[in-house]
Amino acid sequence: MSDVIVIGAGLAGLMAAYYAARAGERVKIVAKGLGATHWHAGTVDVLGYYPTAATPVARPLDTLRDLTRAQPQHPYALADGALDRALQDFVTLMQEVGLPYAGATSTGDNLWLPSPLGVARPTFLAPRAQRAGDLSRPEPMLIVGFQGWRDFYPTLIAENLNKQGHRARAELLPLDLISARRDVNTVQLATALDDPARVESLAAALRKVVQPGERIGLPAILGLDAHVTTLERLETQVGAPIFEIPTLPPSVPGIRLTNALRNRLRQLGVRIEINADVIGFRAEGDRVMWIESEASGRPLKHRAEKFILATGGILGGGINSDHTGKVWEVIFNLPLVAPANRGQWFRAHFFDPEGHPIFRAGVAVDREFQPIDARGARVFTNVWAVGNVLAHCDPVRERSLEGIALATARCALTIDH
Amino acid sequence: MKRIETDILVIGGGATGTGVAWDAALRGFRVVLVEKRDLTHGTTGRYHGLLHSGGRYVVKDPHSAAECIAENRILRKTHAHCIEDTGGFFVVTPEDDNDYPDRFHAACQRLGIPCEEISVAEALKREPLLNPRARRVFVVPDAAADSFQATHSTAQAARHAGARILTYHEVVQLIAEGSDGARRVVGARVRDVARGEDVEIRAAMTINAAGAWAGQIARTIGVRVDVIPGKGTMIAVNHRIINTVLNRCKMPADGDIIVPIHTVSVLGTTDVHVQDPEHLTIEPWEVELLLREGEQLIPGVRRARFVRAWAGVRPLYQEHYSGATRDVTRDFTLLDHHTRDGVAGFLTIIGGKWTTFRLMAQVTMDKACEYLGTCKPCLTATTPVPGAEHGHYWLGHRLREVEEHHLQNELVCECELVTRTMLENAARNNPTLTLDDLRRDVRLGMGPCQGGFCTYRAVGILHELKDEGRKTNDEGETWEVATMQSPAHNQRSAISGQRSPLAISPFTNSNLLLRDFLQERWKGLLPILWGQQLKQERLDELIYLALMNADHLPDKDARSPMSDFYARPGVVTTADHRPSVGIEEARDE
């Protein structure tokens, strides 16, 4: 028996579990998979564009005041003030676990970092390994990739950086400096770079191509378990600032973040069950008694006093849909806010700055982050919902994915922090 | 203005046009083919991929059926590598008429179409997802045909015989000389879309094989050709739910066929009369109809994951058109504008089916020979195109080669097993203006992620090739279409030292390539985007928006000749007319 069960192990679920455990609750995480953290950049995006993707945001916390007025049902508006403290909590926590995050030099500004296409992308907090990519810094960049490797293209990145007024050039090094495997992805390369000998050969190759005054951008594969020492070792041996640029998934920075949080949660006594697909639940009156996960033999019951839904939206699998235009929440079949029919789901252009209405579908909650129905009444007295499963926002279009996860995770359970 | 002299000018780079160019070149004529976009961009590349046995038309249109079985036998030899020998079933479902099957069987026997009735139990053993309530099942020699590869191979054969194939060359105006009653077409003024230049092509005979666009071509000299564009919509299941072509055993109607082709299974089709052959927007009812009818053949198919919807426009033709397009003949027509309209030097070949393209080309060139005063025999029925020596393809051929040759690190598109070198060679050897052109060459982006991972990789790889030197899109001379499809034939070591330059048009911009392709893929997803595919699409959004910030790439104003085409809506949607905050009122009931 747990006090709290968190369903979902993305950033929102892990942080909700952290807050609950810190408040002294016995917490268990039950999750089907590992969440969108493994697909994104490993940064904390708070608000990159508002009111549409056509308008960049310079200072997200300031702009949030406009957003709160214009969209009172937006999770940020409901979380009223929690974001600021949640970001501070996160910075402190990541310092403790040895994977420090920081924002722009000028506090409160968005940080602009090179994307895998070489486009300046707005974020608010970045891990130490990405900080030297800050595009407000003047040093020219040397973008380094590996010949024949399918997930990173330095010539393209450098060309686009130059087109945006940031000086950059590209070099391709042999891939077998890092790995001789016949099938490598980001994670295998990162694991290979946990080995100091590999770091040394990479450093030697970099010393040959770097010019004085340059900083070096590499794909985000600089070590996994030994990342911090790998990065320091490489910078020392090369003698130039080094930064990582995120890659196509799987995201090594995202995996580092997940692993660091999971380790911390284990220290706090949180049980984490991954590969546990929740297939049923039991409610009595307005209380959820237990959930069931799929297992060999018969379904496994998980009982708790309180449940936090952190399953993600359409992206994370917390919301499903079918050809009739039906959209549903997959665990508790909670009422959803969604476009009335399929004809209203999409716009004609993939890049429409307004975003596609279906991706704003989600669970509506009250100011305590408890799911409500169409009349505004609470559905269950002991269920909270956090993160990307929430309605009235499009975190991908807004570039607010992690910010919403952190702010809303802090609001769950109505804990007095 | 640049001028080209030739014997035969062919207009249209679909199956028919390339077939005519191949036929004419084999007969020894000088040939130039012009196509306004990429080869197969029109109807040829937008059909379900059925090589007809003739069974479908055997009761309704025996003449067509007889042509189909004869051509089926020929194409299995001349284009062997473009065909997967799936065989086909004609299935009598509980919904279907009881008398039709016997008429069907008798008519097949009369026309010599091999047709064997098997027990439902045997049919279920071969196709376990088939409706177990089926009452009768007949086996016929239907097959799956890769119309991209077949058309490219035909074009390659034509080139080997001396033809020039000019893609992205659009006819502006046919050139007619003489006055009423004694007019003669002497060629065409065409626009080189990539360079933005006009070219004058002078020819002894001009052949209009523009399919659904044939009426527009003829109209430039005031000749009326009534094409009836019949839009057909198809949807693809993400994998092979069947390995045999499934037809309903009844008079042809909407939604009565499922074709297993490459990695997917295609449900088809609808038939809607449209005014404009460029009108490819899909109506939601068409998808609903395909799902409903598909249930008769494969119960539960509506719960499958769909990866794509598209529409093609049938070039149906009837001199005296009236009513629904399904009743218009599937036979083809050769219009001799000399006898019909008093315009010499000009033929229009219209109608027909992919399966009969070779025959259509033969009939056309026989007529052209009469006018040109030569009687060179047609050789296409007995001349295999390059690649046919490899024999029929099968579903596993790419996987086997990737594993045998350890090419896992080379995979750019993991869904369709496209290797980096396949992509590079296609880009070097084929005229390429967009990633969609490369998609037709090597199947880039055609799998479940619909370009989610491979769009970025393809753009990055082409960018790395950029400085190798380029040539423009009408000078690619070294196609090897069959080997282009094969991971094993595209290995780094095998090609080093003798690379031909990149055939990308000089203005091509990486950011534009990426934007165009993402929009092109999005367009074809909209009609079937729900469930798991919607989740996939949200991942693609995460990658291209949140991670890459591709909606803020430089070169915002750059456009390709295809950008506007991709921007047209793929499905009827109302979301564009509603403010996004509007969803707040539309609560789920």
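All figures in this text were calculated on a predicted structure; none of them were measured in a lab. (Residues numbered from 1 in each chain as written. Chains lettered and ligands numbered in written order. Predicted model: local features only at pLDDT ≥ 70, side-chain atom pairs only at ≥ 80, totals over all residues.)

### Side note on the overall build of chain A
Along chain A, the regular secondary structure elements total 12 helices and 19 strands. A compact globule built from 417 residues should have a C-alpha radius of gyration of about 22 Å, and chain A, at 22 Å, falls within 12% of that. Per-residue burial for chain A yields a buried fraction of 56% across its 417 residues. Contacts in chain A between residues at least 24 apart in sequence constitute 67% of all its contacts with a sequence separation of at least 6. (Helix = DSSP H or I, 4+ residues; strand = E, 2+ residues; numbered from the N terminus. Rg over C-alpha atoms; globule rule 2.2 N^0.38 Å. Buried ≥ 20, exposed ≤ 12 C-beta atoms within 10 Å, placed from the backbone. Contact = placed C-beta atoms within 7 Å.)

### Brief notes about the overall build of chain B
Counting its regular elements, chain B contains 18 helices and 23 strands. Put simply, chain B has 589 residues, and 61% of those count as buried. Long-range contacts, defined here as pairs at least 24 residues apart, represent 76% of the contacts in chain B between residues at least 6 apart.

### Some points on the domain arrangement of chain A
Domains assigned within chain A are domain 1 (2-94 + 256-414) and domain 2 (140-240). Spacing between the C-alpha centres of domain 1 of chain A and domain 2 of chain A amounts to 34 Å. (Domains from an automatic or database assignment.)

### Topic: the interface of chain A and chain B
Residue-level contacts link 60 residues of chain A with 54 residues of chain B. Contributions of two or more residues to the side of chain A that touches chain B are made by α6 (154-163), β15 (319-321), β17 (336-337) and α11 (395-398) of chain A. For the side of chain A that touches chain B, the element with the most residues is α6 of chain A, which contributes 4 residues. By residue class, the composition of the side of chain A that touches chain B is 31 nonpolar, 16 polar and 13 charged. (Nonpolar A, V, L, I, M, F, W, Y, C, P; charged D, E, K, R; others polar.)

### Description of the sheet that holds strand β3 (residues 50-51) of chain B
Residue and element names in this part refer to chain B. Strand order across the open sheet formed by 3 strands is β3-β8-β4, with antiparallel pairing between neighbours. On the outer flanks of this sheet lie β3 and β4 (83-84), each paired with one strand and no other. Taken together, the 2 bridges between β3 and strand β8 (residues 143-145) define a ladder with antiparallel strand orientation. Each residue of the ladder has a partner; that of L51, found in β8, is A143. (Pairing = 2+ DSSP bridges.)

### Details of the packing of helix α1 (residues 11-22) of chain A against helix α12 (residues 401-411) of chain A
Residues and elements named next belong to chain A. Two elements in contact, α1 and α12, have axes whose closest approach is 8 Å; the angle formed by their N-to-C orientations is 25°. Considered as vectors, α1 and α12 are oriented roughly parallel to each other. In this structure, the crossing between α1 and α12 has a hand that is right-handed. Residues L11, A12, M15, A16 and Y19 of α1 form the contact with α12, whose own contacting residues are E402, A405, L406, T408, A409 and R410. Each residue belonging to the contact of α1 with α12 can be placed in one class, and the counts come to 8 nonpolar, 1 polar and 2 charged. (Axes fitted to C-alpha atoms, helices over the stretch in contact; angles between N-to-C directions. Parallel < 35°, antiparallel > 145°, perpendicular 65-115°, else oblique. Left-handed = near helix turned anticlockwise from the far one by under 90°.)

### Focus on unusual backbone geometry
Residues and elements named next belong to chain A. A cis amide bond links Y50 to the next residue, P51, at an omega of 5°. Among the structural elements, P51 can be located in the loop between β2 (27-30) and α2 (60-70). Geometrically, the link from P249 to P250 is a cis peptide bond, its omega value of 0° lying close to zero. As for its placement among the helices and strands, P250 is situated in the loop between β10 (242-245) and α10 (252-267). Not every positive phi belongs to a glycine, and L413 is a case in point at roughly 70°. Looking at the element boundaries, L413 is found in the segment after α12.

### Side note on the domain arrangement of chain B
How large an interface is tends to be reported as the accessible area lost when its parts come together. Residues and elements named next belong to chain B. Once the domains are mapped, chain B shows domain 1 (2-43 + 148-226 + 329-382), domain 2 (52-142 + 229-313) and domain 3 (396-576). The gap between the C-alpha centroids of domain 1 and domain 2 is 31 Å. Taken together, the contact between domain 1 and domain 2 spans 16 residues of the former and 18 residues of the latter. Elements with a minimum of two residues in the side of domain 1 that touches domain 2: α5 (147-160) and α9 (357-372). If you tally residues by element for the side of domain 1 that touches domain 2, the top one is α5, at 3 residues. Looking at the side of domain 1 that touches domain 2, its residues break down into 5 nonpolar, 7 polar and 4 charged.

### Some words on the environment of R248 of chain B
Residues and elements named next belong to chain B. Looking at the element boundaries, R248 is found in strand β14 (residues 245-248). R248 gets classed as buried once you count the C-beta atoms within 10 Å, which come to 24. In this structure the C-alpha to C-alpha distance between R248 and E293, which are 45 residues apart in sequence, comes to 9.7 Å. For R248, the residues in contact, after removing those within four places along its chain, are V91, T93, D96, D256, Q296 and L297.

### With respect to the nonpolar core
By size, the foremost hydrophobic cluster in this structure holds 317 residues, and its most contacted members are I7 and A16 of chain A. Counting residues per element, this core draws most heavily on α1 of chain A, at 10 residues. In this structure I7 of chain A touches V30, A31, V278, I291, F307, I308, L309, A310, T311 and I331 of chain A, once residues within four positions along its chain are discounted. Core analysis: the second largest hydrophobic core is formed by 5 residues, Y168, A194, L433 and Y566 of chain B among them. (Core = buried A, V, L, I, M, F, W, Y, C linked by C-beta atoms within 7 Å.)

### Observations regarding the packing of α1 of chain A against α10 of chain A
Each pair of packed helices gets described by two things: the angle between the helix axes and the distance between those axes. Residue and element names in this part refer to chain A. Relative orientation of the contacting elements α1 and α10 amounts to 25°, with a least axis distance of 10 Å. In terms of their interaxial angle, α1 and α10 are classed as roughly parallel. Remark: the crossing between α1 and α10 carries left-handed chirality. Where α1 abuts α10, its residues L14, A17, Y18 and A21 lie against L261, R262 and L265. Split into classes, the residues belonging to the contact of α1 with α10 amount to 6 nonpolar, no polar and 1 charged.

### Here's the deal with the sheet that holds strand β8 (residues 168-173) of chain A
Residues and elements named next belong to chain A. On the basis of which strands lie adjacent, the open sheet formed by 4 strands has the order β8-β7-β9-β10 and parallel pairing. Both edges of this open sheet fall to β8 and β10, since each of them pairs with a single strand only. Direction aside, the axes of adjacent strands within the sheet are offset by 30° on average. Pairing between strand β9 (residues 215-219) and β10: 4 bridges, direction parallel. Within the sheet, the bridge partner assigned to G217 lies in β10 and is F243.

### Overview of α6 of chain A
Here α6 of chain A lies mainly inside the structure; 8 of its 10 residues are buried. Against β4 (111-114), β7 (141-146), β8 and β10 of chain A together with α13 (454-465) and α16 (510-525) of chain B lie the buried residues of α6 of chain A. Phi for G165 of chain A, located one or two positions after α6 of chain A, is positive at around 90°.

### Overview of the pairing of β2 of chain A
Residues and elements named next belong to chain A. Of the two faces of β2, both are covered, the one formed by V27 and I29 as well as the one formed by K28 and V30. Pairing of strand β1 (residues 2-7) with β2 involves 4 bridges; the strand directions are parallel. Within the sheet, the bridge partner assigned to I7 lies in β2 and is V30. Regarding the hand of the β-α-β motif, the stretch spanning β1, α1 and β2 is right-handed. Bridge count between β2 and strand β11 (residues 271-273): 3 bridges; the pairing is parallel. Across the sheet, I29 pairs through a bridge with I272, a residue of β11. (Right-handed = clockwise from strand over helix to strand, strands pointing away.)

### Brief notes about the pairing of β8 of chain A
All names here are of chain A. Note: β7 against β8, 6 bridges, orientation parallel. Counterpart to M141 in the pairing with β8 is A168. In this fold, β7 hands off to α6, which returns the chain to β8; that crossover is right-handed.

### Overview of the confidence of the model for chain B
All names here are of chain B. On average, residues of chain B carry a pLDDT of 89, and 89% of them reach 70 or more. A low-confidence stretch, residues 469-479 stays under pLDDT 50, and its non-local contacts, those more than four residues away or across chains, total 32 contacts. Predicted confidence for residues 577-589 stays below pLDDT 50, and this span has 20 contacts to residues more than four positions away or in other chains. Across the predicted assembly, pTM comes out at 0.94 and ipTM at 0.98. (pLDDT = per-residue confidence, 0-100.)

### What to know about the environment of Q216 of chain B
Tracing the chain through its elements places Q216 of chain B in helix α6 (residues 214-219). Considered as a pair, Q216 of chain B and W394 of chain B are 178 residues apart in the sequence and their alpha carbons are 39 Å apart.

### With respect to the environment of A182 of chain B
Residues and elements named next belong to chain B. Here A182 lies in the loop between β10 (169-177) and β11 (183-192). Judged by C-beta crowding, with 10 C-beta atoms within 10 Å, A182 ranks as exposed. Sequence separation between A182 and V91 is 91 residues; the distance between their C-alpha atoms is 54 Å.

### Quick look at helix α8 (residues 196-209) of chain A
Residue and element names in this part refer to chain A. Here α8 is 14 residues long and its end C-alpha atoms lie 20 Å apart, about the 20 Å a rise of 1.5 Å per residue gives. Taken together, the buried positions of α8 are V199, L202 and L206. Each buried residue of α8 lies within a common arc of 65° when the element is viewed along its axis, so the set occupies one face. Away from the buried face of α8 by more than 90 degrees, exposed residues A197, A204, R207 and K208 are located. (Expected span 1.5 Å × (residues − 1). Arc of directions from axis to C-beta.)

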